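Here is how the chains run, residue by residue.
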Amino acid sequence: LALEGVGLVVLPGGSPARLLDALTSSGLDDVLRDHVQSGGGVMGASAGAMVLGSWTVLPEEGPALAPGLGLAEGVVVVPHWHGARDEWLAVIGEGLVLGLPEESGVIVEDGRMTAVGVRDVRLVRERADLSVGHTLPAP
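Everything numeric in this text was worked out from a predicted model, so none of it was measured.

Asker: Residues and numbers for the sheet that holds strand β5 (residues 75-79), please.
Answerer: Spatial ordering of the open sheet is given by β5-β6-β9-β10, a layout of four strands whose pairing is mixed. If you trace the sheet from one side to the other, it starts and ends with β5 and β10 (128-130), each paired once. Taken over all neighbouring pairs, the strand axes of this sheet differ in orientation by 30 degrees on average, direction set aside. Across two bridges, the pairing between strand β6 (residues 96-100) and strand β9 (residues 121-123) is antiparallel. For L98, the partnering residue across the bridge sits in β9 and is L123.

Asker: Hey, could you go over the pattern of salt bridges for me, with residue numbers and the actual values?
Answerer: Counted under the stated rule, the structure contains three salt bridges. Among the ionic pairs, R33 bridges to D29, the shortest N-O distance being 3.4 Å. Taken together, the positions of R33 and D29, both in helix α2 (residues 28-37) and four residues apart, correspond to about one turn of that helix. Among the residues examined, R33 registers a relative accessible area of 27% and is labelled partly exposed. Residues R122 and D129 are paired through a salt bridge, measuring 3.2 Å at the closest nitrogen-oxygen approach. For D129, a relative accessible area of 43% gives the class partly exposed. Salt bridges sharing common partners tie together D29, D30 and R33.

Asker: Please provide a residue-by-residue account of the packing of aromatic side chains, values included.
Answerer: The description of an aromatic ring pair uses the distance of the two centres, along with the angle that the planes make with each other. Scanning the entire structure with this criterion turns up zero aromatic pairs. Note that R85 overlies the ring of W88, its terminal NZ or CZ placed 4.4 Å from the centroid.

Cut-off values and rules
- Residues numbered from 1 in each chain as written.
- Predicted model: local features only at pLDDT ≥ 70, side-chain atom pairs only at ≥ 80, totals over all residues.
- Heavy atoms only, no water.
- Pairing = 2+ DSSP bridges.
- Helix = DSSP H or I, 4+ residues; strand = E, 2+ residues; numbered from the N terminus.
- Axes fitted to C-alpha atoms, helices over the stretch in contact; angles between N-to-C directions.
- Salt bridge = Lys/Arg side-chain N within 4 Å of Asp/Glu carboxyl O.
- Buried < 20%, exposed > 50% of the residue type's maximum accessible area, 1.4 Å probe, protein only.
- Phe/Tyr/Trp six-rings, centres within 6.5 Å; stacked < 30°, edge-to-face > 60°.
- Lys NZ or Arg CZ within 6 Å of the ring centre and 35° of its normal.

What follows is the structure in structure tokens.
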């Protein structure tokens, strides 16, 4: 499967475990990595955002932690952020933990992360917010 001519691939929400399994068992994970290396974009909503990081939380498995696609290297995404998810945070080891509230996210590009949307993105371990429109170096 080639993504020639495709600018942006959108990964949907749902179950991060099922999405990750579908991508890895079909080889689409490698296709997505090649797509990004060729200059294409990938974005995800909810579970789709979760699997883009180096690691992803699998809530339906305990929760447990599993390797993600690594397209947002060094990042762990916690979607639907309303505050602490202690059971998730307890299984997350290293990495920048991004709490993404509804209608918000980050763009990772050229070694930078920029908060976008209607609400600030939470830098969970730092106990700080990345304000919409502001940029940080990507991990």
